[in-house]
Amino acid sequence: MTLPVFLVAALPPGDEAVLDGPEGRHAATVRRLRAGEELVLSDGTGAQVRCVVSEAAKDSLRLRVVERWTVPEAAVRVVVAQALVKGDRGELAVELATEAGVDGVVPWRASRCVTKWEDGPRGAKALERWRSTAREAAKQARRARVPSVAEPVTTAGLARLASSSAVTLVLHESASVGLGSVQLPASGDVLLVVGPEGGITDEELSTLTGAGAHVVRLGPTVLRASTAAAVALGALGVLTDRWR
């Protein structure tokens, strides 16, 4: 079994460290790690250290650093533009995509989104929930890198992202071309666009294809807005070198 991962703001520079705060409390009281057991500290940007617990207190651990390494970014990065989804399905979409290896998430204010993230405290709170979900899912998946969750964009903003990406794939049930038929890059960003429950409008499709996007489908069935990205990430893991 892989070692548990705990996220810290900065990795210890020396051979000894103390894990305290919320992560230390979780390690000591929930995971009940004791002297002699091992764990991994991660800064969320690829750098990690393996540590041995030298002493366990009530809500903290004293650690001895035994190994350091850095996990490089994938040559092909996948950024998911996820349309806003009502209820907790948006957080589910972020959680599943993070577990499947997404490198970044961009909330999309699509025309047919049922939920709306207005500017101000409510929108900021919703965005923070997505970011917290990505962080916790990355820890659960033992990922070295926590995917970024950007500020929400309009369709015009999404089109600008599409024009600057190596390739943009818009998932849509009307597409006649499968995802596996599109030539994927050997490096760079793949922008994966997932629409809302109500679907992507013709105007949005026209705007995105005008920016160079390919409209594709995953298979013969229609997936939920909250699960489509995770399924597509699995396919991209096989079709590129991401899983090799």
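Residues numbered from 1 in each chain as written. Predicted model: local features only at pLDDT ≥ 70, side-chain atom pairs only at ≥ 80, totals over all residues. Heavy atoms only, no water.

Colleague: So what's going on with the pattern of salt bridges? Residues and values would help.
Modeller: In total, this model carries eleven salt bridges according to the counting rule given. As a salt-bridge pair, Asp103 and Arg242 come within 2.8 Å of each other at their nearest N and O atoms. One end of the pair, Asp103, is in the loop between helix 2 (89-99) and strand 7 (104-108); the other, Arg242, is in the segment after helix 6 (228-239), with 139 residues separating them in the sequence. Across the pair, exposure class does not vary: Asp103 and Arg242 are buried alike. Between Arg131 and Glu151 there is a salt bridge, with its nearest N and O atoms 3.7 Å apart. Of the two residues, Arg131 sits in helix 3 (residues 121-140) while Glu151 sits in the loop between strand 8 (148-149) and helix 4 (155-164), which places them 20 residues apart along the sequence. Each of Glu23, Glu136 and Lys139 takes part in one network of salt bridges that share partners. (Salt bridge = Lys/Arg side-chain N within 4 Å of Asp/Glu carboxyl O. Helix = DSSP H or I, 4+ residues; strand = E, 2+ residues; numbered from the N terminus. Buried < 20%, exposed > 50% of the residue type's maximum accessible area, 1.4 Å probe, protein only.)

Colleague: If you had to explain the layout of surface pockets to someone new, which residues and values would you point to?
Modeller: Of the voids in this model, the largest pocket is the one considered here, and its volume is about 430 Å³. The wall of the largest pocket is formed by 24 residues, among which Glu173, Val222, Leu223, Arg224 and Ala225 lie closest to the centre. The residue makeup of the lining of the largest pocket, split by class, is eleven nonpolar, seven polar and six charged. Considering only enclosed or pocket space, the second largest pocket measures out at about 320 Å³ in volume. (1 Å grid on protein atoms, 1.4 Å probe; cavity = no way out; pocket = protein on both sides within 12 Å on 5 of 7 lines; lining within 4 Å. Points joined across faces, edges and corners; volume = space filled by probe spheres on them. Nonpolar A, V, L, I, M, F, W, Y, C, P; charged D, E, K, R; others polar.)

Colleague: Give me the domain arrangement of the protein: which residues, what numbers.
Modeller: As assigned here, the protein comprises domain 1 (5-70) and domain 2 (76-239). Here the C-alpha centroids of domain 1 and domain 2 sit 33 Å apart. The partner domain 2 presents seven residues to the nine residues of domain 1 that form the contact. Of the roughly 770 Å² buried between domain 1 and domain 2, counting both surfaces, carbon and sulfur atoms make up 49%. If you sort the residues of domain 1 by the area they bury against domain 2, Val5, Leu7 and Gly44 come out on top, with a joint share of 57%. With its nearest N and O atoms 2.7 Å apart, the salt bridge here joins Lys139 to Glu23. Here domain 1 is connected to domain 2 by five residue pairs in polar contact (both at pLDDT 80 or more). Across the side of domain 1 that touches domain 2, the residue classes break down as two nonpolar, five polar and two charged. (Domains from an automatic or database assignment. Contact = heavy atoms within 4.5 Å. Buried area = accessible area lost by both parts, 1.4 Å probe. Polar contact = N/O pair within 3.5 Å; in protein donor to acceptor, adjacent residues only side chain to side chain.)

Colleague: Quick rundown of the packing of aromatic side chains? Include the residues and the values.
Modeller: Under the counting rule described, the total for this entry stands at one aromatic pair. Considering the side-chain rings of Trp117 and Trp130, the 4.8 Å spacing of their centres and the 75 degrees angle between planes classify their relative orientation as edge-to-face. With a gap of 13 residues between them, Trp117 in the loop between strand 7 and helix 3 and Trp130 in helix 3 connect regions that are remote in the sequence. By the burial criterion, Trp117 is buried, and Trp130 matches it. (Phe/Tyr/Trp six-rings, centres within 6.5 Å; stacked < 30°, edge-to-face > 60°.)

Colleague: Run through empty space enclosed by the protein, naming residues and quoting values.
Modeller: In this structure the tally under the stated criterion is one cavity of 30 Å³ or more. Space inside the largest cavity adds up to approximately 30 Å³. Val80, Gln82, Ala93, Val94, Ala97, Val105 and Ala229 together form the lining of the largest cavity. Contributing elements (two or more residues each) for the lining of the largest cavity: strand 6 (76-83) and helix 2. In terms of residues, the lining of the largest cavity owes the most to one element, helix 2, which gives three residues. Per-class residue counts for the lining of the largest cavity are six nonpolar, one polar and no charged.

Colleague: Please give an account of the sheet that holds strand 9 (residues 167-171) that cites residues and values.
Modeller: Read from one edge of the open sheet, six strands run 8-7-6-10-9-11, paired in parallel fashion. In this open sheet, the two edge strands, each paired with only one partner strand, are strand 8 and strand 11 (214-216). Sheet analysis places strand 7 next to strand 8, joined by two bridges and oriented parallel. In the strand pairing of strand 8, Gly104 is matched with Ser148. (Pairing = 2+ DSSP bridges.)

Colleague: Help me get a handle on unusual backbone geometry, residues and values and all.
Modeller: The backbone phi angle of Arg32 is positive, close to 55 degrees, even though this residue is not glycine. Here Arg32 shows up in the loop between helix 1 (21-30) and strand 3 (38-42). In this structure, Arg142 takes a positive phi of about 60 degrees despite not being glycine. Relative to the assigned elements, Arg142 resides in the loop between helix 3 and strand 8.

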